[in-house]
Amino acid sequence: MTGDPPLGSCPKCGEGLSGAHVLVEYEKEDGTTGIWAECPICDEVVSPQE
Ligand SMILES: [Zn+2]
């Protein structure tokens with residue numbers, strides 16, 4: 001247990017991404033928070049999916 005809540009999963013490989021992987025949080029035009037995270041499997045920056 002790390003206490004790190006899961007953000008979602010990588011859209012490419014399905015790996016679960018947590019706060020430790022977050023690179024950037026930003027506010028979208030609709031007021032929701034968007035996240036860019038680095039997937040440790042793909043070694044790419046992705047937008048985590050629910
Ligand atoms: Zn991935």
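Structure's up top.
Structure report, in brief. (Residues numbered from 1 in each chain as written. Predicted model: local features only at pLDDT ≥ 70, side-chain atom pairs only at ≥ 80, totals over all residues. Heavy atoms only, no water.)

### Describing the coordination of the zinc ion
As a reminder, the rule being used: The rule for donors is simple: an N, O or S atom within 2.8 Å of the metal counts, and for Na, K and Ca the reach is 3.2 Å. Water is not among the atoms, so a site may look short of donors. A four-donor site is classed as tetrahedral when every donor-metal-donor angle falls between 85 and 135 degrees; four donors are called square planar, and six octahedral, when trans pairs exceed 155 degrees and all remaining angles lie between 65 and 115, with any other arrangement labelled irregular. Secondary structure counts use DSSP, requiring at least four H or I residues in a row for a helix and at least two E residues in a row for a strand, with both numbered from the N terminus. Think of it in three bands: with a 1.4 Å probe and only protein chains considered, a residue is buried below 20% of the maximum accessible area for its type, exposed above 50%, and partly exposed in between.
Surrounding the zinc ion are the protein donor atoms Cys 10 (SG), Cys 13 (SG), Cys 39 (SG) and Cys 42 (SG), which sit 2.3 to 2.4 Å from the metal. Its 4 donor atoms give the zinc ion angles of 105 to 112° at the centre, a pattern that matches the tetrahedral case. Coordination of the zinc ion draws on donor residues from a single chain, spaced C-x2-C-x25-C-x2-C in sequence. Taken together, the positions of Cys 13 in the loop between strand 1 (6–9) and strand 2 (16–18) and Cys 39 in strand 4 (residues 33–39) put the pair 26 residues apart, joining distant regions of the chain. With a relative accessible area of 0%, Cys 39 lands in the buried category.

### Here's the deal with the packing of aromatic side chains
Here is the rule we go by: For this analysis, a ring pair means two rings from Phe, Tyr or Trp (six-membered ring only for Trp) whose centres lie within 6.5 Å, classed as stacked if their planes differ by under 30 degrees, edge-to-face if by over 60, and tilted for the remaining angles.
Applying the stated rule across the entire model yields 1 aromatic pair. Taking the centre distance of 6.3 Å and the plane angle of 20° together, the rings of Tyr 26 and Trp 36 count as stacked. Remark: Trp 36 occurs in strand 4 and Tyr 26 occurs in strand 3 (residues 22–27); sequence separation between them is 10 residues. Owing to a relative accessible area of 29%, Tyr 26 belongs among the partly exposed residues under this scheme.

What is shown is where atoms sit, not what they do.
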